[in-house]
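A structural walkthrough
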Amino acid sequence: MKILKNSWKKLKRDISERIRIIKRDHLVREYFKNNILFLTFVITGVLNSTILRFLCMHSVENYLSWKAVLADTVVVSMIGAFGYLLKPKDRFAYYFGFCLFLTGICMVNSVYYTFYTSFASVSMLSLTQYIGDVGDAVVENVLQLKDLIYVIAPLILIGIHLKLKKKNYYKRVELKSERRKRTFKSLSVTGALLVIFLVTLSSLDVSRFFKQWNKEYIVMRFGIYVYQANDLVASVQPKVNSMFGYDKASREFNDYFANVSEKPEANQYTNIFEGKNVIVIHAESMMTNVIGLRFNDQEVTPTLNRLSQDGMYFSNFYSQVSVGTSSDSELTYNTSLMPTKSGTAFVSYSNREYIGIPTLLNEKGYYTFSMHANNADFWNRRAMHKNLGYQRFYSKVDYKVDKENMIGLGLSDKEFFKQSVDKIEKINQKHDKWYGLLIMLTNHTPFSEVDKYGEFPVDIKETITNEDGTTEEVSYPYMEGTKLGNYFKSIHYADSALGEFIDGLDERGLLDNTVFVLYGDHDARLPKKDYNRLYNYNKETDSVLEEEDPNYRVFDSYQYELGRKVPFIIWTKNMKDTSLNFENSNVMGMYDVVPTLGNMFGFYNKYALGHDIYNIREKNIVVFPNGNWVNNNLYYNSQKAAYLPLTETPISEEEIAENTEYTNKLLDVSNNIIVFDLLNEDKNKELKEVSDNK
Ligand code: GP9
Ligand code: MN
């Protein structure tokens, strides 16, 4: 009896389960039937974006990136949800219009990517030279079949539309309340997907989204539609920023430069390098604190040590970057202007007028070029290098990039330099005087490809003698396995690449009449706790010394800020033991490079914000984009309104107030120069006439 009862129960359960499934399937089918237009719109929109990633980025990881698929789904279904607010008869026009728009985005980007290995930007359309370039590109290649594949979306939508028309779908009557309900339901699902998307974002995703220097990354994680919307906002922002306040900005600008001389002030270094060729190294994430550092008696950076010992070495030199990192340091190095307060000069303000070192050297008969074996559109360099005056920008397409030669972001520095020597040799044969900037890449965060950097142990090795007289080698982990330790391995690689480059140039006689300049572009943003381990390692316990320990070295936030110094070196082959071979330890910033080098090479930019270090000497001050500043006496933190004295010299309240005011003024003037395009004489003449006539 009991068995019978149980079997009956089981049967009942099975039957109800089946009914539920049938019901559910029915519901699903119903849903598909009732929402076929919306779903077609969403699926084809997501499909197009996926095809675009597939055709452009050729890697499974990229085109099947679920984050991008999710983001695309959110965007397209959000647009789609509002279609339900319309009466059924008007719905097709709505979906079709948006479908064409989204298809257009995919097509334009597909064509653009073929030419520029990057995604399109709305801001580029405001650059006339770009319209020319892109226009030509489109005309020449309009027949590429792959760019037409995206029309599949509107075609499918038309197909579905015709079917629905036959079935009288559009004649249905839907009450306003029902339409609202359907919109709300679709938006709720979209909202849930959005939440899932947002919570899965990493901090790297978020930071790259806002910085916008790596468009491929944004497309890979956020999809093409979010990328384009993000790009649109970023393109409009500079226009909004420059809409108000021109008169005040222009007045302050004129006041600021009123007493600046039209000619440079001469000193003992004036024109010492006039007419010489120049090689400038933009050393990615190279910091001063590696100079002289050793592990197990091996130098971390033998090349850098040699250059700093045999050349003119500025040991108290700071980079002044903001969120634009590499590009900000290129801006300040070339123009002596500070990074902008919002956005980045390279990405948001590339159509402004700049006075760059290359432009000034072009005027002196130099041939100028830049080299970076990475995507030309990273940090919008294609446009900005041209704007700064580089006559030729050698980018990834000019290099042979094989899988075996890749480390981290792209072509390894060793291979980059090797191929660059050939190019420089050709340039040297063709041009009398030349100036070239080479941007390194391998020593880039996260410094994780340690197996590719070559052997460089950062442990502590010791030989101990046992009681029986035998010896054995012991090792304490020390910096092994830490990010800072990996950084040392990476910088050791970059340094050896640099060494090979110098040797390569020398072998071809390219150093004989050349001045070699090197700057670290910014610090490597390494964890404070790793520095603490570097300076306070207790090998007995394999941990950090207690703060009470007499050997404990304080490494607080001030030490961290001061430790962000980067090297700046001017070196020539025969400088060793001459009057130019010395260390200058006055505080100096990237913005002092234009006036300092200008004096040596005989060019001048009246609108430089820094100073020739040989005129200002120990009175110099370096301001940072966040309002902090440092001079030889103290480091001032503007957020905390606190400072760290660096010498015994007494510090007065007035000195702090004066320097803080100077910093704020300088940052304002610099920002206004870029936002209001104040170095553009033609434009400003026009604006002045308009305001005079008011
Ligand atoms: C990109 C490279 C790195 O091409 O210069 O830029 P960063 O991340 O240092 O700004
Ligand atoms: Mn950089």
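Preceding block: the structure.
Figured I'd write up the structure that's included with this text. (Residues numbered from 1 in each chain as written. Chains lettered and ligands numbered in written order. Predicted model: local features only at pLDDT ≥ 70, side-chain atom pairs only at ≥ 80, totals over all residues. Heavy atoms only, no water.)

Concerning the pattern of salt bridges
A complete count under the given rule lists 33 salt bridges for this structure. Here E480 and K489 are joined by a salt bridge, their closest N and O atoms 3.1 Å apart. The class of E480 is partly exposed, set by a relative accessible area of 29%. Taking the relative accessible area as the measure of exposure, K489 reaches 11% and is therefore buried. For K573, the salt bridge is made with D512, and the minimal N-O distance between the two is 3.0 Å. With K573 in the loop between β16 (568–571) and β17 (582–584) and D512 in the loop between α19 (483–507) and β13 (514–520), this pair connects stretches of sequence that are 61 residues apart. (Salt bridge = Lys/Arg side-chain N within 4 Å of Asp/Glu carboxyl O. Buried < 20%, exposed > 50% of the residue type's maximum accessible area, 1.4 Å probe, protein only. Helix = DSSP H or I, 4+ residues; strand = E, 2+ residues; numbered from the N terminus.)

Let's talk about the coordination of the manganese ion (ligand 2)
In a perfect tetrahedron of four donors around a metal, the angles come out at 109.5 degrees. In a perfect octahedron of six, they are 90 or 180 degrees. Around the manganese ion (ligand 2), the protein contributes the donor atoms E284 (OE), E284 (OE), S326 (OG), D521 (OD) and H522 (NE2), at 2.0 to 2.6 Å from the metal centre. The coordination sphere of the manganese ion (ligand 2) comprises six donor atoms, whose angles at the metal cover 53 to 170 degrees; the geometry is irregular. Summarised as a motif, the one-chain spacing of the donors to the manganese ion (ligand 2) is E-x41-S-x194-D-H. Residue E284 is located in the loop between β1 (277–283) and β2 (294–295), and its partner H522 is located in the loop between β13 and α20 (528–535); the two are separated by 238 residues in the primary sequence. The same class applies to E284 as to H522, namely buried. (Donors = N, O, S within 2.8 Å, 3.2 Å for Na, K, Ca; no water. Tetrahedral: all angles 85-135°; square planar, octahedral: opposite > 155°, others 65-115°.)

Concerning unusual backbone geometry
Looking along the chain, the bond that leaves T445 and enters P446 is cis, with omega of 15 degrees. Positioned with a positive phi, S336 is a non-glycine residue whose angle comes to about 65 degrees. Examined against the element boundaries, S336 turns out to sit in the loop between α13 (325–335) and α14 (345–348).

Remarks on the sheet that holds strand β19 (residues 621–623)
Strands sit in the order β19-β20-β21-β22 across an open sheet of four strands; the sheet is antiparallel. Both outer strands of the open sheet, β19 and β22 (642–645), are each paired with one neighbouring strand and no more. The average angle at which neighbouring strand axes cross in this sheet is 15 degrees, direction not considered. Where strand β20 (residues 629–631) and strand β21 (residues 634–637) come together, two bridges link them in antiparallel fashion. When the bridges of β21 are listed, V630 appears paired with Y635. (Pairing = 2+ DSSP bridges. Axes fitted to C-alpha atoms, helices over the stretch in contact; angles between N-to-C directions.)

Just distances and angles here, no functional claims.
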